[in-house]
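Descriptive analysis of the structure
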Amino acid sequence: MTNWTLAQRAARMNPSVIREILKVTERPGIISLAGGLPAPQTFPIEAFADAAAQVLGRDGAAALQYAASEGYAPLRQAVADSLPWEVHPDQVLITTGSQQALDLVAKVLIDEGSRVLVETPTYLGALQAFAPMQPRIEAVASDEDGIDADDLAAKVGSGADKARFLYVLPNFQNPTGRTMTEARRQQLVERAAQLGLPLLEDNPYGDLWFDQPPPAPLSARNPEGCIYMGSFSKVLAPGLRLGFVVAPAHIYPKLLQAKQAADLHTPSFNQRLVAEVLQHGFLERHVPTIRQLYQRQCQAMLAALEQHLAPLGVSWSRPAGGMFLWLRLPAGLDALELLPRAVQRGVAFVPGAAFYAEDADARTLRLSFVTASEEQIGTAIAALADAIRSGCA
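Keep in mind that this is a model prediction, so the values were computed, not measured. (Residues numbered from 1 in each chain as written. Predicted model: local features only at pLDDT ≥ 70, side-chain atom pairs only at ≥ 80, totals over all residues. Heavy atoms only, no water.)

**Here we look at the overall build of the protein chain**
The helix and strand inventory of the protein chain stands at 13 helices and 15 strands. Taken against the 2.2 N^0.38 rule, which gives 21 Å for 393 residues, the C-alpha radius of gyration of the protein chain at 21 Å falls within 12% of a compact globule. In terms of principal-axis extent, the alpha carbons of the protein chain reach across some 60 × 60 × 55 Å. Of the roughly 17,300 Å² of accessible surface on the protein chain, 52% is carried by carbon and sulfur atoms. For the protein chain, the separation between the mean place of its 33 positive charges and that of its 40 negative charges on side chains is 4 Å. (Helix = DSSP H or I, 4+ residues; strand = E, 2+ residues; numbered from the N terminus. Rg over C-alpha atoms; globule rule 2.2 N^0.38 Å. Areas by Shrake-Rupley, 256 points an atom, 1.4 Å probe, with all protein chains shown as cover. Lys, Arg positive; Asp, Glu negative; His and termini not counted. Charge placed at Lys NZ, Arg CZ, Asp CG, Glu CD.)

**Section: the sheet that holds strand β14 (residues 350-351)**
Note on sheets: strands pair through backbone hydrogen bonds, and any given pair is parallel or antiparallel. Strands sit in the order β11-β12-β15-β14 across an open sheet of four strands; the sheet is antiparallel. In the strand order of this sheet, the two ends are held by β11 (315-316) and β14, each with one partner. Its contacts with the sheet put helix α11 (residues 282-308) on β11, β12 (324-328) and β15 (364-368), and the angle it makes with β12 is roughly 15°. (Pairing = 2+ DSSP bridges. Contact = heavy atoms within 4.5 Å. Axes fitted to C-alpha atoms, helices over the stretch in contact; angles between N-to-C directions.)

**Brief notes about the environment of arginine 285**
Looking at where arginine 285 falls in the secondary structure, it is placed in helix α11. Owing to a relative accessible area of 52%, arginine 285 belongs among the exposed residues under this scheme. Separated by 216 residues in sequence, arginine 285 and serine 69 place their C-alpha atoms 30 Å apart. (Buried < 20%, exposed > 50% of the residue type's maximum accessible area, 1.4 Å probe, protein only.)

**Digging into the packing of aromatic side chains**
Enumeration according to the criterion identifies nine aromatic pairs in this entry. Both rings, one in tryptophan 326 and one in phenylalanine 355, keep their centres 6.0 Å apart while their planes meet at 85°; by these two values the pair is edge-to-face. Of this pair, tryptophan 326 sits in strand β12 while phenylalanine 355 sits in the loop between β14 and β15, placing them 29 residues apart in sequence. Centre to centre, the rings of tryptophan 326 and tyrosine 356 are 6.4 Å apart; their planes meet at 45°, and the pair counts as tilted. One end of the pair, tryptophan 326, is in strand β12; the other, tyrosine 356, is in the loop between β14 and β15, and 30 residues separate them in sequence. Both residues of the pair, tryptophan 326 and tyrosine 356, count as buried. Taken together, the aromatic side chains of Trp85, Tyr228, Phe232 and Phe244 make up a single cluster linked through ring pairs. (Phe/Tyr/Trp six-rings, centres within 6.5 Å; stacked < 30°, edge-to-face > 60°.)

**So, the environment of glycine 378**
Looking at the secondary structure, you find glycine 378 in helix α13 (residues 374-392). For glycine 378, a relative accessible area of 25% gives the class partly exposed. For the pair glycine 378 and tryptophan 326, spaced 52 residues apart in sequence, the C-alpha separation works out to 17 Å. Setting aside chain neighbours within four positions, we find glycine 378 in contact with Ala304 and His308.

**A word on the packing of helix α4 (residues 98-109) against helix α9 (residues 252-263)**
Between two packed helices, both the angle of their axes relative to each other and the distance between the axes serve to describe the pair. At a closest axis distance of 9 Å, the pairing of α4 and α9 adopts a crossing angle of 115°. Here α4 and α9 pass one another in a crossing that is right-handed. Here α4 contributes Gln100, Leu104, Val105, Lys107 and Val108 to the contact with α9, which in turn contributes Lys254, Leu255, Ala258, Lys259, Ala262 and Asp263. Among the residues making up the contact of α4 with α9, the classes are represented as six nonpolar, one polar and four charged. (Left-handed = near helix turned anticlockwise from the far one by under 90°. Nonpolar A, V, L, I, M, F, W, Y, C, P; charged D, E, K, R; others polar.)

**Looking at the pattern of salt bridges**
Across all of its chains, the model carries 18 salt bridges by this definition. Each member of the salt-bridge network shares a partner with another, and the members are Arg345, Asp386 and Arg389. (Salt bridge = Lys/Arg side-chain N within 4 Å of Asp/Glu carboxyl O.)

**Focus on the nonpolar core**
Counting 75 residues, the largest nonpolar core has Phe130, Tyr167, Tyr294, Leu309, Leu327, Leu367 and Leu384 as the members making the most contacts within it. Filtering out sequence-adjacent residues up to four positions away, leucine 367 remains in contact with Leu33, Met301, Leu305, Met323, Phe324, Leu325, Leu327, Phe349, Ile381 and Leu384. In this structure, Ala51, Ala52, Val235 and Val246 belong to the second largest nonpolar core, which totals 27 residues. (Core = buried A, V, L, I, M, F, W, Y, C linked by side-chain atoms within 4.5 Å.)

**A short note on the environment of leucine 283**
The topology assignment puts leucine 283 in helix α11. Between the C-alpha atoms of leucine 283 and leucine 200, which are 83 residues apart in sequence, the distance is 25 Å. Leaving out residues up to four positions away in the same chain, leucine 283 has contacts with Val235, Leu236, Leu278 and Pro288.

Here it is as structure tokens:
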């Protein structure tokens, strides 16, 4: 019998809690408030069909051929032009989704045993991307306004034990939906610069604001001290698997080498397709329709929570954009134990404990408001309330 020996890092690879829950949502009759999937009615299918014809008709052979690892030059230029600080396209690396950007950064910046700082709570996918590199991931105190800069300073460390970077999602954070205030952003950037601590800024949701855009990115305030990641998944379509990373010049070559080793390059056709769609101000016309839809759905969920869950002592966030709401159950309840009771009643969510690097709050859970209709949201929240009452009985 063949004896396969797994690498030690393989033990750090764990299944995504969200992906496992999504399997449950495939059952008939389940309303899923679990996955962070964009609403499919926002996908610009006709625009993609027209762009595909243009790309294949104009230069189909190149679109289907191997290409540069850095990415398609016009798309890199479009990304650079879209950002609110001076970015050269040579700083832009096109990735296979922003999740790959996390993987590349982890490979380049993390050694076994090195310390990495994250928010409390933080994006589960980042924890998964960092884990195989075997770091010590530590949580920095955070509240509804963002990172606590004093706690950050206390946890940075020094010498060989100094943290490699802080990973942060300032806009409509996954999972909490919170947005870092202007004051906290400026304080964080200044404190990080004083401490010599690099910032890894993840911004997949920043365009999904409801009434007003969020404050300027951290990277716009100190480009040399930040690596910035973005995505086309939330404003166009996630199936394209297109993201990007913007890095300082001295970091970029190593990210590029990691990209080459991982998959040579992001699919050429997809890059050219998106570059074609982006022409003539398409996003300026398209993204506002997404914002309007998500705002209506968020308001529907907030109204349903007020009606059904407020009397039960549940509290929740009130996001100004993005895709998620963050709930906290009354004392004595556990979101993981609540989940099967909720599924029995036809609704699924994500327990919040998976989003913590340490000291998880078992009373928290994440709801997504973007894929269910307003009617389904009302039905699902009523079912969730019934599940909670069953746990209190």
